[in-house]
Amino acid sequence: MNDLLEQYRSLPSSTDIHRSALSNGITVLMRPNRNSAAVSLAGYLSAGSLFDPMEKLGLADFTAQALKYGTANYTFQQIYDLLESCGANLGYSASIHNTNFSGRCLSEDLPLLLELLRESLTQPTFPDEEVGMLKDQLLTSLQIRAQDTRAMAANTFDQLLYGSHVYGLPTEGELETVQQITPQDLRDFHNAHYGPRGMVIAVTGDINIPAVLTLLETTLGGWLNPDQSAEALLAVPSGPRTGERRHITIPGKYQTDLVMGTLGPARTADDYLKAVLGNNILGQFGLMGRIGDVVRDQAGLAYHASTSLHATSLCGAWEVHAGVNPANLEQAIELIRKELDRFRTIPVYPEELADSKANLIGGLPVSLESNAGVAYLLLRIERFDLGLDYLHDFIRTMQSITAEHILAAARRYLDLDRLVIASAGPPLVKN
Amino acid sequence: MADAFTSFTLPNGMRVMLKEIHTVPLISHWMWYRVGSRHELPGQTGISHWVEHMQFKGTDLFPAGVLDKAISRDGGFWNAMTYLDWTAYYETLPAEHIELALQLESDRMINSHFDLEEVESERTVIISELEGGKNSPVQRLSEAVQEKCFDLHPYRNEVIGSEQDLRSIQRDDLYQYYRRHYSPNNAVLAIAGDFDTAAMRTLVEQYFADIPPYTFEEHTLPVEAPLQGAREVDVQGPGDTAYLQVAYRAPRGADRDFFALLLLDSILSGPTSLNLFSAGITNKTSRLYQRLVRSRQAVSVYGGLSATLDPYLYDVLITLHPQSDFETVLTAFDEEVKRLQDEFVPQEELERAVKQQRAMLAYGNENITNQAFWMGFAEMYASYEDWYGNLIAVLESITPADLRRVARQYLDPEQRVVGRYIPDHSQVAQAEDDSDE
């Protein structure tokens, strides 16, 4: 084990990750990479779509996307002139729990990027004209989504899996709810939910830690919002009581997208990494694991057929995705169902277990070769309280997982009596 | 800009490029073949891409089901891609495992099985991939525009091929095509990462030097005349959103005008990133965004330019605002193009376009896989050292007069294709619920 840890000594750890807080409480994480000529930053604050009123679903995301459309000191035009003139990026989006941001620039332009981050986060004005333009774009993107079989299958899956829980609602909203949102709604949302409490920022790449800390304190350390709302407490989703199935017919399409799955472990659950390892065997390893082998390689039914695990601090979703010809939909569903049943009945084979462990551990350097990859790791460490030496813990934990652990996780989560099946594409073919 | 690298050619004709980068303990290994949809004969569209799929289906040394696990087991990732002019296979691995990539690629250069059962299984997989693409309105429009842009050149065909050809191509067609095009003298090997060049050269020679070259007579490509007159193509389909695509013939990747058009594209529709593994930057200060999106005639606009062996396309795709119409948008588009043809671009705007390219290249260089990509990619059209190495210097040498000349020469309204995706608003999505059993 020590040899293995030594082999991965170059991975981010407590020896080279800096963690501190600005005077207003914003958590800062940094890790330098002097081999890069650029800097990446990423972060989040507690202003997610869970605060959206039902009649104005999409409000958090709309607010996030409008932050750069005009501020107290800069117009839309000035902000984008500054960003694009130096080839920098700064973007915002909302997820259920958080509003997230990310940016990057050449290292010489970091002061400018942080100045625009401060302006857009703390002093957006949401000008009527600019908000109207963005609203048109968002409404069009929702019309495009309604024609996107993959997006519609995914949304339908979330609705069936989470029911009335906020996890079942689309962060980007619906046509009729986004239509209701006004510039004043954005201002109100910003005033109520944006603030330093719960905010985290990670900076990686060509940085000098003391200099960047000073810069961050100057730009963001003085931001206060006494009206910032308390963090919302959400109930843990219970999932459907029985299996559910729904197909969204979208005329004029050629292929059906399919999502099947169940609730999965929370990110902080004891068996989360056991499920991660099992998921790798089930639908990722090699060319999409067992599911890819059965659905694509053996049956030739799909170009893509794989599994994924999504998790928050409350719960997760364990999903199978595939794109199939409409005539093959039922066959694909049956093959996947059988494979899930096998996975929760028979322990994985020793060779599979060893392969996937090697894949997940060996793949760490690859996933962390970019500055952005490291920044997102730092955010995950903070959000889920994983500890600065998480990657070393990850390696140790992975090594200790057995086939029985995976079987237990599969039995606990992949309950086929509560399997959700969502599809979108041409009309169902009646056999 | 092309940091120190070593290149050499094996006696069997295989070009090799090695670049040491010691920032992380990774190596990326790319095998490029000079074969793509450009080399396909009528009735065999899609065969290059299908051969690429079959290269994952096994050899004696790495049987099907073993091959795909070998890289993953060592913590690497791998994939392949087929384009107009080339097919590329890559593996990025922890440095200590890189020999596996050399072993695997040298093996499947000559030893792939093309088992009949695997061919048939892959036929339906590829048709599924084709059907997935056809779900997208933009894809359907782009296919129609691309076909309309060429009368004879194979660039008119989609890389994935036509469904008719995908249903008729047989195992022996695929195998012959593979034998013909997969040889060391038709390949470029590019490796970047944490290695010692002398040791890597020894490994490369060990795995590839004994593979014999294969010489074949390339079929002569038909000569494609310039477009005579403006062309139009309409595609009707489901949805509520209309798209307009305008496509012009572009200079080949090795042409100096390609770089001028790259900057022109930055100014007109926003910067196109040539990186494979690094996203670009926003385009909200580009002239077309300002003209079309800010005025609510469109909701998005993007330009596209690819380096190719023969003259291919420069295109602009515009998503129309629901309250706008094709004629209004096209008129505004034409006025912006005409401004580029009539007036010099201000020096400041030109310098911004150059800096955007410099920034995107820096982002791409964070990534070992992308650095290896660049070496082989550039060699498909020109010399890496000249093409990529001088990229920024060439961009910095381009003048406003160059841009005006290129705008006049290539963005000719009488030599283009205008495509329209006309949505059929009558088709509405509906949900169908079933009980589980």
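Residues numbered from 1 in each chain as written. Chains lettered and ligands numbered in written order. Predicted model: local features only at pLDDT ≥ 70, side-chain atom pairs only at ≥ 80, totals over all residues.

Undergrad: Explanation requested: the domain arrangement of chain A in the structure shown.
TA: Reports often express the size of an interface as the amount of accessible area lost when the parts come together. All names here are of chain A. When the domains of chain A are assigned, the result is domain 1 (15-220) and domain 2 (244-425). Distance between the C-alpha centres of domain 1 and domain 2: 28 Å. Each partner contributes residues to the interface: domain 1 has 30 residues there, and domain 2 has 29 residues. Secondary structure elements with two or more residues in the side of domain 1 that touches domain 2: strand 2 (27-32), strand 3 (38-45), helix 6 (149-162) and strand 6 (200-205). In the side of domain 1 that touches domain 2, the residues fall into 15 nonpolar, eleven polar and four charged. (Domains from an automatic or database assignment. Contact = placed C-beta atoms within 7 Å. Helix = DSSP H or I, 4+ residues; strand = E, 2+ residues; numbered from the N terminus. Nonpolar A, V, L, I, M, F, W, Y, C, P; charged D, E, K, R; others polar.)

Undergrad: It is not clear to me how the domain arrangement of chain B should be interpreted in this structure. Could you clarify?
TA: Residues and elements named next belong to chain B. Examined at the domain level, chain B breaks down into domain 1 (6-208) and domain 2 (231-424). Listed as interface residues are 35 residues of domain 1 and, on the opposing side, 29 residues of domain 2. Broken down by secondary-structure element, the contributors of at least two residues to the side of domain 1 that touches domain 2 are strand 2 (15-20), strand 3 (26-33), strand 5 (87-94), helix 5 (137-149) and strand 6 (187-193). Sort the elements by how many residues they give to the side of domain 1 that touches domain 2 and helix 5 lands first, with ten residues. In the side of domain 1 that touches domain 2, the residues fall into 21 nonpolar, seven polar and seven charged.

Undergrad: Please explain the nonpolar core as it appears in this structure.
TA: Soluble, globular proteins show a tendency: their nonpolar side chains are buried together. Ranked by internal contacts, the top residues of the largest apolar core, which has 262 residues, are Ala202(A), Ala332(A) and Leu263(B). Setting aside residues no more than four positions away along its own chain, Ala332(A) makes contact with Leu258(A), Val295(A), Leu301(A), Ala302(A), Ala322(A) and Val324(A). (Core = buried A, V, L, I, M, F, W, Y, C linked by C-beta atoms within 7 Å. Buried ≥ 20, exposed ≤ 12 C-beta atoms within 10 Å, placed from the backbone.)

Undergrad: What's the story with the environment of Pro311(B) in this structure? I'm lost.
TA: Residue and element names in this part refer to chain B. Tracing the backbone shows Pro 311 in the loop between strand 9 (298-305) and strand 10 (313-320). Linking Pro 311 and Ala 254, residues 57 residues apart in sequence, is a C-alpha distance of 9.8 Å. Apart from residues lying up to four places away in sequence, Pro 311 is in contact with Arg 249, Ala 250, Pro 251 and Arg 252.

Undergrad: Which parts of the structure should I look at to understand the sheet that holds strand 5 of chain B?
TA: Residues and elements named next belong to chain B. The mixed open sheet is built from six strands, whose spatial order is 1-2-6-3-5-4. For this open sheet the edge positions go to strand 1 (6-9) and strand 4 (77-82), each flanked by a neighbour on one side alone. Within the sheet, the average angular offset between the axes of one strand and its neighbour, ignoring direction, is 10°. Examined bridge by bridge, strand 3 and strand 6 share seven bridges and lie antiparallel to one another. Note that in strand 6 the partner of Met 31 across the bridge is Leu 189. Contacts from helix 8 (residues 197-208) reach strand 1, strand 2 and strand 6, with the element oriented near 150° to strand 2. (Pairing = 2+ DSSP bridges. Axes fitted to C-alpha atoms, helices over the stretch in contact; angles between N-to-C directions.)

Undergrad: In this structure, what is going on with the packing of helix 10 (residues 272-283) of chain A against helix 13 (residues 350-362) of chain A? I would like to understand it.
TA: The relative placement of two packed helices comes down to the angle between their axes together with the axis-to-axis distance. Residues and elements named next belong to chain A. It is the contact of helix 10 with helix 13, at a shortest axis distance of 9 Å, that shows an interaxial angle of 110°. One way to sum up the angle between helix 10 and helix 13 is to call them roughly perpendicular. Counted together, Leu 277, Asn 280 and Ile 281 of helix 10 and Glu 352, Ser 356, Lys 357, Asn 359 and Leu 360 of helix 13 form the full contact between these two elements. For the contact of helix 10 with helix 13, the class distribution of residues is three nonpolar, three polar and two charged. (Parallel < 35°, antiparallel > 145°, perpendicular 65-115°, else oblique.)

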